[in-house]
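The chain contents come next:
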Amino acid sequence: MTDTVAFVSGDTTFSPDMRELIRQTVETLKLDIVQGLAFEQSPKVFRSQGIRKNPSKLGGIVASRLKSLSKETKFARPDYSKSLPLQQLYTGDIRNLARKHNVELMSKVPVVDQTDHAKALGFIARDIANEDQIKNLHENLFAIEVDPETVKMDAKAALHAALPSLEVSPAVARMIADRQKLVGVIDWSKIFADISDGSDNDGDDEEPADPIQLNRGLKFRLHRVKCVDETNPEWPGDDEIAAGGVAVNWNEDTTQINEFRVGNSFDDGESKFYNPPRVLKNFSLDDAEFPADFMVAMALAEKDNGGLSKFIDDLWEAIRDHVEVILIAVGAAAGLAIGAGVGGTVGTAIGGPLGTIIGLAAGAIIGALVGWLISALKDDIFEPQSAAVRLPSHDSAFAGGSLTSPTMTLNFRNHGGHYRAYYSWQIVR
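Please read all numbers here as calculations on a predicted model, not as lab measurements.

## Points about the overall build of the chain
- Looking only at helices and strands, one finds 14 helices and ten strands in the chain.
- Residues classed as buried in the chain amount to 51% of the 429 residues present.
- Contacts in the chain between residues far apart in sequence, at least 24 positions, make up 77% of those at least 6 positions apart.
- Counting only carbon and sulfur atoms, one obtains 49% of the accessible surface of the chain, whose full area is about 19,600 Å².

## Remarks on the pattern of salt bridges
- According to the stated counting rule, one finds eleven salt bridges in the structure shown.
- With a shortest N-O distance of 3.5 Å, E240 and R261 are connected by a salt bridge. A residue pair is termed long-range when its members are at least 10 positions apart, and E240 in strand β4 (residues 239-248) and R261 in strand β5 (residues 254-266) qualify at 21 residues.
- The class of E240 is partly exposed, set by a relative accessible area of 24%.

## Remarks on the sheet that holds strand β3 (residues 217-229)
- As summarised here, the arrangement of the four strands in space is β6-β3-β10-β9, forming an open sheet in which the pairing is antiparallel. For this open sheet the edge positions go to β6 (271-284) and β9 (408-414), each flanked by a neighbour on one side alone. In this sheet, neighbouring strand axes are inclined to one another by 25 degrees on average, regardless of whether the strands run parallel or antiparallel.
- Of the pairings in the sheet, the one linking β3 to β6 comprises nine bridges and is antiparallel in character.

## Observations regarding the nonpolar core
- With 77 residues, the main nonpolar core has L37 and I319 as its most contacted residues.
- For this core, the element with the most residues is helix α14 (residues 352-377), which contributes 15 residues.
- With 38 residues, the next largest nonpolar core counts F266, L285, M408 and Y419 among its residues.

## Some thoughts on the packing of aromatic side chains
- Going through the model one piece at a time under the given rule, you end up with seven aromatic pairs.
- For the pair F382 and Y419, a centre-to-centre distance of 5.7 Å together with 75 degrees between the ring planes defines the contact as edge-to-face. Residue F382 is located in the loop between α14 and β8 (385-391), and its partner Y419 is located in strand β10 (residues 417-428); the two are separated by 37 residues in the primary sequence. For the pair F382 and Y419, one class covers both residues: buried.
- Taken together, the ring pairs in this structure connect F220, F283, F294, Y423 and W425 into an aromatic cluster.
- The lysine or arginine in question, K272, covers the ring of Y274, its NZ or CZ lying 5.4 Å from the ring centre.

## What to know about the pairing of β3
- Alignment of β3 against β10, held across eleven bridges, turns out to be antiparallel. Across the sheet, K219 pairs through a bridge with Q426, a residue of β10.

## A look at helix α3 (residues 57-68)
- Compared with an ideal rise of 1.5 Å per residue, which puts twelve residues at 16 Å, α3 spans 17 Å between its outermost C-alpha atoms and is within 8% of the ideal.
- Inspection of α3 places L58, G59, G60, I61, V62, A63, R65 and L66 among the buried residues, and these make up the whole buried set.
- The backbone nitrogen of L58 has a side-chain oxygen 3.5 Å away, supplied by the residue at the start of α3, namely S56.

## Focus on the environment of F39
- With respect to the helices and strands, the residue F39 is situated in helix α1 (residues 16-41).
- Classification of F39 as buried rests on a relative accessible area of 6%.
- Sequence spacing of F39 and G59 is 20 residues, and the spatial spacing of their C-alpha atoms is 8.5 Å.
- Aside from chain neighbours lying at most four places away, what touches F39 is F46, R47, I51, R52, K53, N54 and P55.

## What about α1?
- With 26 residues, α1 ought to run about 38 Å at 1.5 Å a step, and its terminal C-alpha atoms sit 38 Å apart, in line with that.
- Counting buried positions along α1 gives 20 out of 26 residues, so the element sits mostly inside the fold.

## A closer look at the environment of A288
- Relative to the elements of secondary structure, A288 occurs in the loop between β6 and β7 (292-301).
- Assessed through its relative accessible area of 12%, A288 is described here as buried.
- Between the alpha carbons of A288 and R216 there is a distance of 9.2 Å; along the sequence they are 72 residues apart.

## Notes on the confidence of the model for the chain
- The pLDDT averaged across the chain works out to 79; a share of 74% of its residues lies at or above 70.
- Between residues 195-211, whose pLDDT stays under 50, and residues either more than four places distant or in other chains, the model counts eleven contacts.
- Counting contacts from residues 340-348, a segment whose pLDDT is below 50, to residues more than four positions away or on other chains yields 18 contacts.

## Some remarks on the environment of Q385
- Tracing the backbone through its elements, the reader meets Q385 in strand β8.
- When near neighbours in sequence (up to four residues on either side) are disregarded, Q385 contacts G10, V296, A297, M298, L410, N411 and F412.

## What to know about unusual backbone geometry
- Across the junction of N275 and P276, the peptide omega takes the value 5 degrees, indicating a cis bond.
- Structurally, the position occupied by P276 is in strand β6.
- In this structure, P291 follows F290 across a cis peptide bond, with omega equal to 0 degrees.
- With a phi close to 55 degrees, N102 is a non-glycine residue in the positive phi region.
- Mapped onto the elements of the fold, N102 is located in the loop between α5 (92-100) and α6 (111-114).
- Judged by its relative accessible area of 67%, N102 is exposed.
- A positive phi angle is found at H415, which is not glycine, with a value near 55 degrees.

## Some thoughts on the packing of α3 against helix α12 (residues 308-333)
- Relative orientation of the contacting elements α3 and α12 amounts to 170 degrees, with a least axis distance of 10 Å. Taken as axis vectors, α3 and α12 run roughly antiparallel relative to one another. Taking contact as the criterion, the partners of K57, L58, I61, V62 and R65 in α3 are, on α12, L308, F311, D314, L315, A318, I319 and D321.
- Taken together, the residues of the contact of α3 with α12 sort by class into eight nonpolar, no polar and four charged.

What counts and what doesn't
Residues numbered from 1 in each chain as written. Predicted model: local features only at pLDDT ≥ 70, side-chain atom pairs only at ≥ 80, totals over all residues. Heavy atoms only, no water. Helix = DSSP H or I, 4+ residues; strand = E, 2+ residues; numbered from the N terminus. Buried < 20%, exposed > 50% of the residue type's maximum accessible area, 1.4 Å probe, protein only. Contact = heavy atoms within 4.5 Å. Areas by Shrake-Rupley, 256 points an atom, 1.4 Å probe, with all protein chains shown as cover. Salt bridge = Lys/Arg side-chain N within 4 Å of Asp/Glu carboxyl O. Pairing = 2+ DSSP bridges. Axes fitted to C-alpha atoms, helices over the stretch in contact; angles between N-to-C directions. Core = buried A, V, L, I, M, F, W, Y, C linked by side-chain atoms within 4.5 Å. Phe/Tyr/Trp six-rings, centres within 6.5 Å; stacked < 30°, edge-to-face > 60°. Lys NZ or Arg CZ within 6 Å of the ring centre and 35° of its normal. Expected span 1.5 Å × (residues − 1). Polar contact = N/O pair within 3.5 Å; in protein donor to acceptor, adjacent residues only side chain to side chain. pLDDT = per-residue confidence, 0-100. Parallel < 35°, antiparallel > 145°, perpendicular 65-115°, else oblique. Nonpolar A, V, L, I, M, F, W, Y, C, P; charged D, E, K, R; others polar.

Put into structure tokens, the structure is as follows:
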């Protein structure tokens, strides 16, 4: 078995063109958010201009988050109020971006629809010109790789895996297990494949049976959260940290990772340990199509204001949809059937390798936008960090045939502080 299990943890290695697409998309979405917040704060002014509803989906999401914030946060604005502080956002830099992208903020047309994506971002067509190129980009994203060895199962594990699924006599299974003691390690996946149809195949020209799926689930597990450096000001009071986020399945389905309080008294060097590890997400592999990619976007907040997970989930959905629209527009202008070329249909959700690229790009965009909102609005969220894993096949394993990945880290740096989350992936059989 030569399958490779690969990881993405934290910083992602994008191609130069994809980095430029992310940068320009962040600029456009900043303008989009400002447009939406302005409508939320002064709807009568917009309605006087014939604009009846908020033109920005993202602006509405951010406005809901800001209105829910507590003034008791360690980073509260001195002028805290329920009104939306556009003055901190509508800066000279934002006005320059509006001129650069030829955007009119007092328009009924959403900012994201005022841009000719195909013209402005046509350079990305080189990256998505064909399926092979997309696969190369996908491979490059998973820069940290672990080379597994042949999966080795002892007799007890093999019996446990085989008997519920196959019509095998327990005595015969026991004989196979005893044989292992004499001849050494047996490739159980090959045996399962040979007998999985339950028939006595004597070599006739019948199609081989599908192999038994060994891997049935995948867990994202949190081992520890360490306060490397407490947020500023380091007095009065200790940091109160909550966590949450969003998980993305192999077929692009998303679910919230319900927020939970990690601890309420973090000082420099202190850690919260989870023993056994806390499972933040259980992915099912029962219907997965391989190779299969899974992603978790994890967020920390200095204090739980409520709605952290929903905020990250809503941001992820809106931004992913926007990146899909960009790539479909660029592809159409270049004569490329983007959706159809990677297993989807143009105009619908894009899956496959390009779907993973879109998800990781959305995670990078969320981090940039949240960082911008933090500095301007004193929100208490740390920039979210993404982790992803790719399982090449139904029987993939980690290094040495292990069902558990190495422990990896995500680093959260904001508010003058630094927190590190230690996590691992675990395959369930």
